[in-house]
Each structure stands twice: as structure tokens, then as C-alpha cells.
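# Descriptive analysis of the structure
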Amino acid sequence: MKYALLICTPVGGAELSPAQIADDPRFTSYIEEVRSRDLVKGGARLRPASDATTVRVQGDEVLLTDGPFIESKEYIAGIDFIEVADLDEAISLASRHPAALAGGSVEVRPVWE
Amino acid sequence: MTAEEAVAAAFQEEWGQVVATLIRVTGDWDLAEECAQDAFAQALDRWRRDGVPRRPGAWLTTTARHRAMDVLRREAVGARKLREAAMLTAPEEPYDDDVQDDRLRLIFTCCHPALHIEARVALTLRTLAGLTTPEIARAFLVPEATMAQRLVRAKKKIRNAGIPYRVPPAHLLPERTTGVLGVIYLLFNEGYAATSGADLVRRNLCAEAIRLARVLAGLMPDEPEALGLLALLLLHDARRETRVDANGELVTLEDQDRTAWDHAEVDEGTALLETALRRGRPGPYQIQAAIAACHTTAASAEDTDWADIAALYGELVRFVPSAVVRLNRAVAVGMAEGTDAGLALVAELEREGELSGYHLLPATRADLLRRSGRTTEAAQAYERALELAENDAERHFLEKRLGECRSP
């Protein structure tokens, strides 16, 4: 069985660089543990919500919003990792996702690399 | 022309160009702006000494590029090193072929729909028009720090979210062009709607919007809506100086001094509109320009062809079925077919309730009632409009009308 762990961080909080994380013992001990026990099967650190774009589809129209999904009634039902050339290509894929077509939304969040 | 004048003129003409090319070459928005600024500073010195070059734009772009290469060479290791390599292998002077595309790329990137609308506007003014952060902050009445943050965040999002620096592919072009035209129209309205005082930045916004609309129309000659937007802005701008009197009071179209309109702008706007309409692909900007042209080409207020205007609003409603457009149509129908016809359309909007907090809904009803001589009812509607109006110039105007209705 696999789980997706969604790591939440306060809005407006400091955005740590990968170097800062590597130097922080709280992170290193956690990473060490999940690695040694082989708990994490896949995942990624997301860029902050301020870099997100949300895609909705209404009829034929693709609606883009700057920022994360905003309706608190929505919840995250899954994650796909994709590798594409740029945001337009990601949006194009997201706008064909069944969730976006069925009245939900897809948040396109760049991943730390 | 002195060197100072030449640099000022080049800034107007070439700023967006230089920044756009430098962004393509370096991929770094901040570096591009820095080096463009540096090139203009150098120009002042060098042009004073050596005279103005034959092609100021090419001189500025080359100088900025050299500066960027110096900066990148001095950078130590990492990603920037890679960029340097990319830049050194780039063709040396891609000036004449790519420059048009560069600016178009920049407009479309600044107006990408994944950016917040405020960020799109600010970024367009900064990178394409060369306005400073304090100037943009002043124009939009926000603190300078807020605007600076907005610009930083927008550039960060372009980089981190992977917003492509390009003109979108054909299938995205129609919807993206609408967004670009919308940003330019918004810029113009920010400048145009300001009725208070002689704030230079706000007037500047009208000029910048017209300049950007001109650039866009030149870059997209096959897009009639781009021509339509430029025509619309020119036709509005032609009346700008007569919309407010010496005391800062609003002057209605009916009472404006038509001899004081900018007739060169009217002529240019009308000619552009004709060119656009010949393409046979009407759109909301062309229709709005046609409405503006009906007003600006009428010899007097009485000569205004309201039947034509009402018909054009009927067309506009099909493209933009908003309550505000329908309210404008009600005014035109009231003038063309009689106040009762207009009042019936206003009553329809009142029943629907979508504009219930909008002062121009009761103000429109008040005006139609006043024109039909029903002054008591008109006074009540003006009172309602005054409860909702916030702009001082508009409030003064409504109070004046209310006074007239109370003591005819």
C-alpha cells in the first residue's frame, strides 16, 4: 500500500532552499529514517503555493487562476508527476484531466529540482 | 536634436525592444532590465560626445548585450555559467529579424493568464513601457513596497512555474490575444477614468497604453481586434481633455466642447477602424470603436446617430453579454426610440438585480426620467444613485442634477 504524504506549510512562511534543508538536523534525521526503512516510494518537494496555477474547464473554456485552489471544500485526491517542456504544456495536460472536466480543478505546482 | 532628447526619444521607442531582446538572449529578466538601464545611461554620455548613432535601437541593444556578457563572465560557477555558454553561441547580431518577435514574445509572456491580472499589468508597464516601480505604484494607488513585491513575485513565478517566453502556438492565440488586449485596455482605463487633478502618471498611462496598442497592432497586422483596440483608445483619448471642466467637474458627452477634441486622433482612429472592419471579422473592440466613432464624428450632440449606436450595442451584447453593456444599450435605445423604451430595459436589469450596488443603474434611470420630464421620480433615482456613488466628480455631477430636478 502506498500513501501520498502532503506536507503543508504556513502561507507566507519562509521558503527553505534544498541547501538549508540539508543543513537542518530535523530534516536530515527524518530523511535518514524514511530512507533506512524504505518508507517513501516516490514524492517531491513542491514549490510554494504562490508559484501554482489552477486549471478549470467550463464548457470549451480553459480557466486559469494564479495561485493554488481556493475553495476550501475541495480536497486533494491524488498526485500525478509529469515531465513536460513548460507551463503551457502542463496546463494543456491538466485541462484534459478528468478531474478538471468534471467540475473539479487541477493545481499545477512546479517541483523543486 | 540634442543627445538628451535623442535618449528620451529612444527610451520611448526602444526600451521594450532592448529588454525583450536581452531577456531572450540571457533568459534573466532582472539582468535584462539592469543592462538596458545601463545602456541608456551610457548612451547619454557617448551620444553627447560622439553624436547620435544612425540606429539608436541597435546601438542600445548591442551595448546592453555587451554589458550582460561582462556581468555573466564575472559570475562564478553554476547555472549562470551555462547561460553564458548559451549566450556566446547565440548569433551575434540578430537585430533586424528577431526584434519584432522579441517584443511580441515579451507582451505575451507578461500577459500570460497564469499570472494574476495585477501582476500582468505591472509587468507590462515595467518591462515594455519602462515605467519605474514608484511610477506604477502611484498609478495604481498602492504603496511602492507592495508594487515592488508584486513585480518580484511575478518574475519569480515566470521562472519557477516555467511560463514560456514566446508567442503562444496558433490554437492558443485567440484566447491569449484577448487577454493581451484586455491588459492594454485596462491600462488605458486606469489613466482615463482618473478625473481628479492633473496627475501626470495617470495621463502617462493613456499615452503608454496607446503606444503599446500601436506596437501590438504593428506586430499583429492580421488581427483586426488589435487595430480595433488602437482605434478605440485613440477615439476615447481624443475627448480626454474635455471630460472635466476647469473646476474638476464632470462634463457629459452632450456638453463637451467638440472643437477642443483632438481631431488628428479622431481621424486616425476612424481610419484604423475602417481598415479593421474591412477584414470582416468584427469583435468587441471594433464595435466599441465604432460606437466611439459615432460620437466623435457627429457634428453636434443633436446630430448623434443614436439608432446606429443602439444597433451597435445590440451587436456588442452578443459578444459581451454583461449587465453593464446592456445598461449602456438601454441609454442608447432611450435616446434612439424614446425614454420609455430605455426605461423598460433599465427595469429589466433592476428586476434581475445583478447591478443592484452599481450607482450608474439608478443614475441611468434618473437621466431617462429627467429627459421625459418626470422630475419628481428622477430626483428619487438621483438620490439612490448618490447613496451608491463613490467618486467625487461623479457625486458632484449627480448632486447638480438632483438640484435641477428639485427646482426645475
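In case you missed it, the structure is sitting above this.
In this report, we go over the structure that sits alongside the text. (Residues numbered from 1 in each chain as written. Chains lettered and ligands numbered in written order. Predicted model: local features only at pLDDT ≥ 70, side-chain atom pairs only at ≥ 80, totals over all residues. Heavy atoms only, no water.)

### Brief notes about the pairing of strand β2 (residues 61–66) of chain A
Residue and element names in this part refer to chain A. Sheet topology note: the strand β1 (residues 53–58)/β2 ladder contains six bridges and is antiparallel. Each bridged residue has a counterpart across the sheet, and for Arg56 the counterpart in β2 is Leu63. Linking β1 to β2, which pair antiparallel, is a turn of two residues; within it Gly59 sits at a positive phi near 60°. (Pairing = 2+ DSSP bridges. Helix = DSSP H or I, 4+ residues; strand = E, 2+ residues; numbered from the N terminus.)

### Comments concerning the environment of Arg406 of chain B
Relative to the helices and strands, Arg406 of chain B resides in helix α19 (residues 392–406). If we skip the residues at most four places from it in the chain, Arg406 of chain B touches Ala379 and Glu383 of chain B. (Contact = heavy atoms within 4.5 Å.)

### Considerations on the pattern of salt bridges
Inspection of the entire model under this criterion finds 33 salt bridges over all chains. The residue Glu383 of chain B makes a salt bridge to Arg406 of chain B at a minimum N-O spacing of 2.3 Å. Residue Glu383 of chain B is located in helix α18 (residues 375–388), and its partner Arg406 of chain B is located in helix α19; the two are separated by 23 residues in the primary sequence. Overall, Arg406 of chain B belongs to the exposed group, its relative accessible area being 54%. Sharing partners across several salt bridges, the network here consists of Asp86 and Asp88 of chain A together with Arg166 and Arg176 of chain B. (Salt bridge = Lys/Arg side-chain N within 4 Å of Asp/Glu carboxyl O. Buried < 20%, exposed > 50% of the residue type's maximum accessible area, 1.4 Å probe, protein only.)

### Section: the interface of chain A and chain B
Contact with chain A, which involves 14 residues of that partner, is made by 16 residues of chain B. Regarding the contact of chain A and chain B, the summed buried area is about 1200 Å², with carbon and sulfur atoms giving 45% of it. Interface area lost by chain A to chain B is led by Asp66, Leu87 and Asp88 of chain A, which between them contribute 43%. Counting across the chain A and chain B interface gives five salt bridges. Note that Asp66 of chain A and Arg153 of chain B form a salt bridge whose closest N and O atoms lie 3.0 Å from each other. Taken together, the links from chain A to chain B amount to 11 residue pairs in polar contact (both at pLDDT 80 or more). Secondary structure elements with two or more residues in the side of chain A that touches chain B: β2 and α3 (87–94) of chain A. (Buried area = accessible area lost by both parts, 1.4 Å probe. Polar contact = N/O pair within 3.5 Å; in protein donor to acceptor, adjacent residues only side chain to side chain.)

### Some points on helix α8 (residues 144–160) of chain B
Residues and elements named next belong to chain B. Here α8 spans 24 Å end to end across 17 residues, near enough to the 24 Å set by a 1.5 Å rise per residue. For α8, the complete set of buried residues consists of Met147, Leu151, Ala154, Lys155, Lys157, Ile158 and Asn160. With its phi angle positive at about 75°, Gly162 sits one or two positions after the end of α8. (Expected span 1.5 Å × (residues − 1).)

### Overview of empty space enclosed by the protein
Any empty space left between atoms is shown by rolling a water-sized probe over those atoms. Within the structure shown, the criterion is met by two cavities of 30 Å³ or more. Every residue along the wall of the largest cavity is listed here: Gln12, Glu13, Gly16, Arg103, Leu128, Arg211, Leu212 and Val215 of chain B. Counting only elements with at least two residues in the lining of the largest cavity, the list comes to α1 (3–26) and α10 (200–219) of chain B. Split by residue class, the lining of the largest cavity holds three nonpolar, two polar and three charged. For the second largest cavity, the full set of lining residues is Asp88 of chain A together with Phe108, His112, Pro164, Arg166, Pro168 and Arg176 of chain B. Split by residue class, the lining of the second largest cavity holds three nonpolar, one polar and three charged. (1 Å grid on protein atoms, 1.4 Å probe; cavity = no way out; pocket = protein on both sides within 12 Å on 5 of 7 lines; lining within 4 Å. Points joined across faces, edges and corners; volume = space filled by probe spheres on them. Nonpolar A, V, L, I, M, F, W, Y, C, P; charged D, E, K, R; others polar.)

### Considering the state of the cysteines
Residues and elements named next belong to chain B. Inspection of the entire model under this criterion finds zero disulfides over all chains. Not engaged in a disulfide, the cysteine Cys110 finds its nearest cysteine sulfur in Cys111; these two sulfurs lie 6.2 Å apart. Counting only cysteine sulfurs, Cys111 is the nearest neighbor of Cys206, a cysteine outside any disulfide, at a range of 17 Å. (Disulfide = S-S within 2.5 Å.)

### Looking at the sheet that holds β1 of chain A
Residue and element names in this part refer to chain A. Here three strands make up an open sheet; going across it, the order is β2-β1-β3 and the pairing antiparallel. With partners counted over all chains shown, the strands left at the sheet margins are β2 and β3 (106–108), one partner each. Recorded for the sheet is a direction-independent mean angle of 30° between the axes of neighbouring strands. As paired elements, β1 and β3 share three bridges and run antiparallel to each other. For Thr54, the partnering residue across the bridge sits in β3 and is Glu107. (Axes fitted to C-alpha atoms, helices over the stretch in contact; angles between N-to-C directions.)

### Some remarks on the nonpolar core
Residue and element names in this part refer to chain B. Ranked by size, the top nonpolar core spans 99 residues in total, and within it Trp47, Leu60, Leu125, Ile184 and Leu233 carry the most contacts. For this core, the element with the most residues is α10, which contributes 11 residues. When residues no more than four places from it in sequence are discounted, the contact partners of Leu233 are Ile184, Tyr185, Phe188, Ala209, Ile210 and Ala213. In terms of nonpolar packing, the next biggest core, distinct from the first, is built from 35 residues, Cys294, Leu369, Ala385 and Leu398 among them. (Core = buried A, V, L, I, M, F, W, Y, C linked by side-chain atoms within 4.5 Å.)

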